[in-house]
Each structure stands twice: as C-alpha cells, then as structure tokens.
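Structural description and commentary
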Amino acid sequence: MRPSWDNYFMKIAVTVAERSTCDRAHVGAVLVREKRILTTGFNGSPAGLPHCDDAGHLLVDGHCVRTIHAETNAIIQAALHGVSTKGATCYVTHFPCINCTKTLINAGITRIVYLNDYRVDEIAMSFIMETGVKLCHAECED
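Attention here is on the structure that accompanies the text.

1. Quick look at helix H5 (residues 122–131)
Among the residues of H5, the N-terminal cap falls to Asp-121, whose side-chain oxygen and the backbone nitrogen of Ile-123 are separated by 2.7 Å. Just downstream of H5 lies Gly-132, where phi reads positive at about 80°.

2. Brief notes about the packing of helix H4 (residues 98–106) against H5
In contact at an axis separation of 9 Å, H4 and H5 are set at 15° when each is read in the N-to-C sense. The orientation of H4 relative to H5 falls into the category roughly parallel. By crossing handedness, the relation of H4 to H5 is classed as left-handed. For the pair formed by H4 and H5, the contact residues are Ile-98, Thr-101, Lys-102 and Ile-105 on the first element and Ile-123, Ala-124, Phe-127, Ile-128 and Thr-131 on the second.

3. A few points about the side chain of Thr-93
Position of Thr-93 among the secondary structure elements: in strand E5 (residues 89–94). Thr-93 sits in the buried class, given a relative accessible area of 3%. Beyond its immediate sequence surroundings of up to four residues, Thr-93 is in contact with Ala-13, Val-14, Ala-17, His-26, Val-27, Gly-28, Leu-115 and Asn-116.

4. Some details on the nonpolar core
Counting residues in hydrophobic clusters, the biggest one holds 19 residues, and the most contacted among them are Ala-29, Leu-31, Cys-90, Val-92, Leu-104, Ile-109 and Ile-112. Put simply, the parts of the chain that give this core at least two residues each are strand E1 (28–33), helix H3 (70–80), E5, strand E6 (111–116) and H5. The element that contributes the greatest number of residues to this core is H3, accounting for three residues. With near-sequence residues (within four places) excluded, Ile-109 lies in contact with Leu-31, Thr-85, Ala-88, Thr-89, Cys-90, Leu-104 and Val-133. In this structure, Phe-9, Val-32, Tyr-91 and Val-113 belong to the second largest nonpolar core, which totals nine residues.

Rules used in this analysis
- Residues numbered from 1 in each chain as written.
- Predicted model: local features only at pLDDT ≥ 70, side-chain atom pairs only at ≥ 80, totals over all residues.
- Heavy atoms only, no water.
- Polar contact = N/O pair within 3.5 Å; in protein donor to acceptor, adjacent residues only side chain to side chain.
- Helix = DSSP H or I, 4+ residues; strand = E, 2+ residues; numbered from the N terminus.
- Axes fitted to C-alpha atoms, helices over the stretch in contact; angles between N-to-C directions.
- Parallel < 35°, antiparallel > 145°, perpendicular 65-115°, else oblique.
- Left-handed = near helix turned anticlockwise from the far one by under 90°.
- Contact = heavy atoms within 4.5 Å.
- Buried < 20%, exposed > 50% of the residue type's maximum accessible area, 1.4 Å probe, protein only.
- Core = buried A, V, L, I, M, F, W, Y, C linked by side-chain atoms within 4.5 Å.

As structure tokens, then:
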C-alpha cells in the first residue's frame, strides 16, 4: 500500500535524524512545499566545530548547546541555497522547542507535522495556535 504524503515525508525525517551528531536526541526535519522537498536538517554542530559524538556534550542548564536544532538547520539550508520557505510544511521527528517554533513561524512555515511528544512547551504551543500555523501529531492529512 502506498504511504500517504504525510507518512512519506515523516519517514524521510526519521531517516534524516540518523545523521544527527548529538546522541541526546536524534532529530530530523524536512521542509516541503507542494509535495516537493525543499531542504532537510538534523541536529548537529555548526560547520567546522566538533560534534557531541566526538567532543562530548556541552551542557548548559540541562540542554546541549553544542548543536543547532534540526528545524533551524533546515531553514539555514534554505537560506544558504536561496530557497523560500514561505508556505511550507515542516515534518519533524520531535515537537519543536520554543526557539525552533519562533524560527519556523518567522520562516513562513504554515504547517508543522511532528512525530514524538518531546518536551511539549506550552508557550510554543500557544504561539503556534495564535499565529494560525496548523499543527499535526503524526499523520493528519489535509
């Protein structure tokens, strides 16, 4: 049986997460518009800096600050390659943190589909609802 579009792109996000270099959470994100992949991102260190897998975690207040989150990395890839993210859907393996939520909103993402309820932030949730971004847990076809 053919997978739905949401299922298809989420499976790709799960595969992208395998590239993560911070073993605290392997997170993958895929930005899609009109059933076409725009960019992907995974959580990992900035280019040229050591990865958690090699140098260990750099923890501040219980969070690893050595890495850039998957959603932000996907948006950075779009910026580097001149790809507009306006009107796109973000498929992400974990519920976005507050900073990624704000970044996704400002990048023009109109729909977020996430797989895992990981540290669901009430403020992030309220920002998503207030801005009218559609939020879907796992699969919820349009």
